[in-house]
Every structure is written in structure tokens, then in C-alpha cells.
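# Notes for the structure review
Here is what each chain is made of, one letter per residue.
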Amino acid sequence: MAKFGIGETHYDGEKRVEVAIQCRDEPDGPLLYEGEIAPVSAVVRRLKQGDAVEMSWRLPGGSNGITPVEVVTLPDGEESIEVV
């Protein structure tokens, strides 16, 4: 299992379609692999395979927050991701 960090999200209207994602080798360690733009469906697959995914947030004062991400089912039946 791997740990991934999401730092940016791209929308098409109100629908989340892509994210900027990077792999972390160690919990709370630096991002060790070059980031890539991935469709939300790829993140859903990673989560279902047991990988951990966290969203990074910029907080007031310049600090960062990290929130876990989980798979959700949208009203139309499509699977997506949301922060916990």
C-alpha cells in the first residue's frame, strides 16, 4: 500500500474530474515522486486497492492542513472522492 497526497483539484462545472497527485513513500514524509494529473477514477481505484490518499490544504498563516480522502457515490451512481 502506498500513501498519496492531492494538492489541487480540477472541476468541470461542479463535478470534480482531475486532481494533481503525488506519491509519498513514508507517512508524514516529503513527497518523493513527481506529481501528475490523474482522473478522479484513478484515485478511486487506488483507494479501493488499499492505498491512502490525503488532501493538502493551505491554512491561514501559511501552514498546511491534511485531510483523508474517501470514495463516495454521487446521486447519479458515479463514484467520486471527498474529504472525510
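Residues numbered from 1 in each chain as written. Predicted model: local features only at pLDDT ≥ 70, side-chain atom pairs only at ≥ 80, totals over all residues. Heavy atoms only, no water.

## What to know about a nonpolar patch on the surface
There is a patch of nonpolar side chains on the surface, built from Trp57, Leu59 and Val83 and spanning about 240 Å² of accessible area. With respect to the helices, strands and loops of the structure, valine 83 is situated in strand 6 (residues 79-83). (Patch = residues over 30% accessible without salt bridge, like charges linked within 9 Å, V, L, I, M, F, W, Y side chains within 5 Å. Areas by Shrake-Rupley, 256 points an atom, 1.4 Å probe, with all protein chains shown as cover. Salt bridge = Lys/Arg side-chain N within 4 Å of Asp/Glu carboxyl O. Helix = DSSP H or I, 4+ residues; strand = E, 2+ residues; numbered from the N terminus.)

## So, the pattern of salt bridges
Scanning all chains against the criterion turns up four salt bridges. In this structure, glutamate 78 and lysine 15 form a salt bridge, with 3.0 Å as the shortest nitrogen-oxygen distance. A residue pair is termed long-range when its members are at least 10 positions apart, and glutamate 78 in the loop between strand 5 (64-73) and strand 6 and lysine 15 in strand 2 (residues 15-24) qualify at 63 residues. Taking the shortest distance from any N to any O, the salt bridge between glutamate 82 and arginine 16 comes out at 3.5 Å. Of this pair, glutamate 82 sits in strand 6 while arginine 16 is found in strand 2, placing the two residues 66 residues apart along the sequence. Overall, the relative accessible area of 35% leaves glutamate 82 in the partly exposed class. The class of arginine 16 is buried, set by a relative accessible area of 14%. (Buried < 20%, exposed > 50% of the residue type's maximum accessible area, 1.4 Å probe, protein only.)

## Some words on the sheet that holds strand 6
The sheet built from six strands is open, its strands ordered 3-2-1-4-5-6 with mixed pairing. A single partner strand is all that each edge strand has here, and the edge strands are strand 3 (36-39) and strand 6. Within the sheet, the average angular offset between the axes of one strand and its neighbour, ignoring direction, is 40 degrees. The sheet contact formed by strand 1 (residues 3-12) and strand 2 spans nine bridges and is antiparallel. Each residue of the ladder has a partner; that of threonine 9, found in strand 2, is valine 19. (Pairing = 2+ DSSP bridges. Axes fitted to C-alpha atoms, helices over the stretch in contact; angles between N-to-C directions.)

## Topic: the confidence of the model for the protein chain
Mean pLDDT over the protein chain works out to 88, with 93% of the residues at or above the 70 mark. Here strand 4 (residues 52-58) stands out as the least confident element of the protein chain, with mean pLDDT 88; helix 1 (residues 40-48) is the most confident, with 96. (pLDDT = per-residue confidence, 0-100.)

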